[in-house]
Amino acid sequence: MQRSRYKEYPLHQSPFYCLISQGKLAKLLYITRTKLDELTRLDDLYIEKEKFNPRKKRLFFVQVPKGPLMKVLKRIKDLLSQIAMPSFIHSPAVRRSYITNAKAHINSHEVRSLDIKQYFASSQSWRVYSFFHKVMRCSPDVAGILTKLSTVNGHLPTGSPLSPILSYFAHISMWEAIHEQVRSAGCTLTVYMDDVTISGSSVPDKLIWQVKREFLRCGLRENRDKEKRYVGNKPRKITGVIVNDGKLKIPN
């Protein structure tokens, strides 16, 4: 059996936990202290690029980290990816996918899905700083450096390899609160990035309202156009997978 290259451990065993030395941070990121200082002083770490979305037939902008920074962000992402994720998180999480996300709801009578609008752009820099400083207990200067490298214009960039996993950690208390609300209602929760799915024998409107209230409390908004509700045996589409009669129909 092939072993995963990731060794998962609790959050408090992360090398970022209680990190208070800039020198140790540089060593952890595989760069010199001088290079770390240079990156921290730069104001143009990201470049904005225009892309075309063929499905929505519109242009959108992504903020992409420049060469030297890209390597550092991938290293931070690899380290954060080794922190064990809750079972309800399917992306970003190692060895889980849009298929495992859909499978969690395969036998539910009612399924409701919500989508967070502009998730990365709404994930503010101060929440990233708060995660590193208050949750990971990094010193203010180390937390400030990590925030500086991983955010742009006051939020998470859309073109960074680090943004998916950092978006979860930046809102970790929100996701924990939502999970507790869903669990208390006797329902099942899965999160696939900005796609939230709740299922059960029934999913009360009150529960959906509570989840939306958590979004608003954290400065996030749901995309009402993407909200869905399925009841009974009719086919339902969950993270791109069709669930019908207890079976999954996976796209090519």
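Located above this text is the structure these notes cover.
So, how was this worked out
Residues numbered from 1 in each chain as written. Predicted model: local features only at pLDDT ≥ 70, side-chain atom pairs only at ≥ 80, totals over all residues. Heavy atoms only, no water. Salt bridge = Lys/Arg side-chain N within 4 Å of Asp/Glu carboxyl O. Helix = DSSP H or I, 4+ residues; strand = E, 2+ residues; numbered from the N terminus. Buried < 20%, exposed > 50% of the residue type's maximum accessible area, 1.4 Å probe, protein only. Pairing = 2+ DSSP bridges. Axes fitted to C-alpha atoms, helices over the stretch in contact; angles between N-to-C directions.

Our focus in this paragraph is the pattern of salt bridges. In total, this model carries 13 salt bridges according to the counting rule given. The partner of lysine 35 in a salt bridge is glutamate 38, and the shortest N-O contact between them spans 3.7 Å. Pair noted here: lysine 35 and glutamate 38 are both in helix H2 (residues 33–41), with a separation of 3 residues, about one helical turn. Exposure remark for lysine 35: the relative accessible area of 32% places this residue in the partly exposed category. On the basis of relative accessibility, which here comes to 34%, the residue glutamate 38 falls in the partly exposed class.

In the segment running from serine 91 into proline 92, the intervening peptide bond is cis, with an omega of 5°. The phi dihedral of threonine 239 is positive, around 45°, even though this residue is not glycine. Relative to the helices and strands, threonine 239 is located in the loop between strand S8 (236–238) and strand S9 (241–244). On the basis of relative accessibility, which here comes to 16%, the residue threonine 239 falls in the buried class.

Taken in spatial order, the 3 strands make up an open sheet running S8-S9-S10, and their pairing is antiparallel. The sheet is open, and its two borders are formed by S8 and strand S10 (247–249), each paired with just one other strand. Pairwise comparison of adjacent strand axes, ignoring direction, gives a mean angle of 35° for this sheet. One ladder, built from 3 bridges, connects S9 with S10; its direction is antiparallel. Residue asparagine 244 lies in a different strand from S10, and its bridge partner there is lysine 247.

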